[in-house]
Amino acid sequence: MGFTSKILHADRRGGVEHGSIHKPIHTAVTFGYDDARDLAAVFQGRQSGYSYGRQVNPTVNALQDKISLMEGGVATAAFATGMAAIGTTLFALLRNGDHMISSSYLFGNTNSLFNSFEAHGIEVSFVDSTDAAAVEAQMRDNTRLVFVETIANPRTQVSDLAGIGQLCRDRGVVYFVDNTMTTPYLFQPRTVGASLVINSLTKYIGGHANALGGAVTETGNFDWSGFPNLYDNYKKGEVSTWAITQIKKKGLRDFGASLGPEAAHHISVGSDTLALRMDRACSNAAQLTQYLAAHPAIKRVYYPGLADHPQHERSADLFKHHGAIFSVELAEMDCFDFLNKLDLVICTSNLGDTRSLAIPVAHSIYYEMGPERRASMGIDDSLVRFSIGIEDVEDLLADFEQALA
Ligand SMILES: *Cc1c(COP(=O)(O)O)cnc(C)c1O
């Protein structure tokens, strides 16, 4: 079945009470047992079942299964936010003295999170992830994990996803890919060897800016039997499930950044139209960037769909479309004046909404990291990032035209 047919019927086929076509919102925090022996079996991992809402909930489980279907993965753990998904996973899998390699082209909050991990004894090397050789040069004996984003925000660098996948496979290193920008509709990181995939559900998968959430999917690619940081308690059943079990049972238990059932329901309903929204938003972004690249008021456009983008061919090879995020540097116009003139496009943070959004990057989301780190990431003071929505393209073109006039 195709992507949309599969996910539209996921809840129903998972078995729902009364023939309901949505998984209901189960708000119970705890679950009673008639036989105390069953409760013990569930707690000891000998029997599947529900224990306490921090670690498991039926509505959240249905969403997890849906994300696994989208990613072609083995199992998924859901979290309260995308940040919780990344943080809890690293907390559960890495230890003091371990080394990880990260792309230096990172979502700002992920950069901040990795700096916090450095302060807690995990060494992080930041490298140019558009080149697998740069990752290879940082590999050490204690390197446990490589983290990259598919298309980086805001400058849209495309990581050498296949090259790094091969390298991680050769070295037996966990390959953790952030698929938020591309979503499993445009790209499945398991196809290039990713071990774990994180999606911020807040963005395209939920799609309507009405719920926060995050998910980590196990792809089944990695042989966890040789990974040193797993506890014997979680080494049960298929080897491919050991790490995700530790992330759920230890990570979620310890940190408690759990996804609530109401948010899971919003995200699940939103995700039904992921493919339709992505087709439309990516097509809008492609048309707008063609227009802007030829406009004299625009100095540069960063979008993998443009032929002059350094990773244009890689993006065309790997992704169904080139995404719906782009950024521009202005020739002379002040970026605040430009943003204030846009009428349909909303000036705000967030991305992956049905509505088009824009933000002055250096003055907002990348302000705290300071001018030096911004320069190293190629972020100019005039850079404006756009997350294009599903409006009618004529209206978007007209809005840009009047704002730049
Ligand atoms: C937004 C985002 C996150 C974090 O997701 P939240 O749900 O906001 O916590 C992680 N990675 C990328 C690429 C993002 O855009």
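What you are looking at is a predicted structure, and each value in this text was computed from that prediction instead of being measured.

(A) Quick look at the pairing of strand β1 (residues 75-79). When you tally the buried positions in β1, you get 5 out of 5 residues, the bulk of the element. In β1, alternate side chains face the same way, and those of Ala75, Ala77 and Phe79 on one face and Thr76 and Ala78 on the other are all buried. Inspection of the sheet shows β1 paired to strand β7 (residues 214-218) by 5 bridges, in the antiparallel sense. Paired with Phe79 across the strands is Gly214, a residue of β7.

(B) Highlighting the environment of His265. With respect to the helices, strands and loops of the structure, His265 is situated in helix α12 (residues 261-271). Filtering out sequence-adjacent residues up to four positions away, His265 remains in contact with His22, Lys23, Ile25 and Thr59.

(C) Representation of the site of the ligand within the structure. Every residue near the ligand is listed here: Thr81, Gly82, Met83, Phe107, Asp178, Thr180, Met181, Ser200, Thr202, Lys203 and Gly213. Note that an oxygen atom of the ligand is positioned 2.8 Å from one of the backbone N or O atoms of Gly82. Within the side chain of Ser200, an N or O atom sits 2.9 Å from an oxygen atom of the ligand. Contact with the protein chains covers 93% of the free accessible surface of the ligand, which is 380 Å². Looking at the shell around the ligand, the elements that each hand over two or more residues are α5 (82-93) and α10 (201-205). For the shell around the ligand, the per-class residue count stands at 3 nonpolar, 6 polar and 2 charged.

(D) Quick look at the packing of aromatic side chains. For the structure shown, the criterion picks out 15 aromatic pairs. Centre to centre, the rings of Phe91 and Phe255 are 4.4 Å apart; their planes meet at 55 degrees, and the pair counts as tilted. Residue Phe91 is located in helix α5, and its partner Phe255 is located in helix α11 (residues 242-255); the two are separated by 164 residues in the primary sequence. Between Phe386 and Phe400, the ring centres sit 5.0 Å apart and the planes meet at 55 degrees, which makes this aromatic pair tilted. With Phe386 in strand β12 (residues 384-387) and Phe400 in helix α17 (residues 393-404), this residue pair connects regions lying 14 residues apart in the sequence. Here Phe400 falls in the buried class, since its relative accessible area comes to 0%. Positioned over the ring face of Tyr231 is Arg95, at 4.9 Å from the centre of the ring. Of note, Arg373 hangs over the ring of Phe126, and the distance from its end group to the ring centre comes to 5.1 Å.

(E) Structural detail: the packing of α5 against α11. Two elements in contact, α5 and α11, have axes separated by 9 Å at closest approach and are oriented at 110 degrees. Relative to α11, the element α5 is oriented roughly perpendicular. Contacts from Thr88, Thr89, Phe91, Ala92 and Leu93 in α5 reach Ala243, Gln246, Ile247, Gly251, Leu252, Asp254 and Phe255 in α11. Broken down by class, the residue content of the contact of α5 with α11 amounts to 7 nonpolar, 4 polar and 1 charged.

Rules used throughout
- Residues numbered from 1 in each chain as written.
- Predicted model: local features only at pLDDT ≥ 70, side-chain atom pairs only at ≥ 80, totals over all residues.
- Heavy atoms only, no water.
- Buried < 20%, exposed > 50% of the residue type's maximum accessible area, 1.4 Å probe, protein only.
- Helix = DSSP H or I, 4+ residues; strand = E, 2+ residues; numbered from the N terminus.
- Pairing = 2+ DSSP bridges.
- Contact = heavy atoms within 4.5 Å.
- Near = heavy atom within 4 Å.
- Polar contact = N/O pair within 3.5 Å; in protein donor to acceptor, adjacent residues only side chain to side chain.
- Areas by Shrake-Rupley, 256 points an atom, 1.4 Å probe, with all protein chains shown as cover.
- Nonpolar A, V, L, I, M, F, W, Y, C, P; charged D, E, K, R; others polar.
- Phe/Tyr/Trp six-rings, centres within 6.5 Å; stacked < 30°, edge-to-face > 60°.
- Lys NZ or Arg CZ within 6 Å of the ring centre and 35° of its normal.
- Axes fitted to C-alpha atoms, helices over the stretch in contact; angles between N-to-C directions.
- Parallel < 35°, antiparallel > 145°, perpendicular 65-115°, else oblique.

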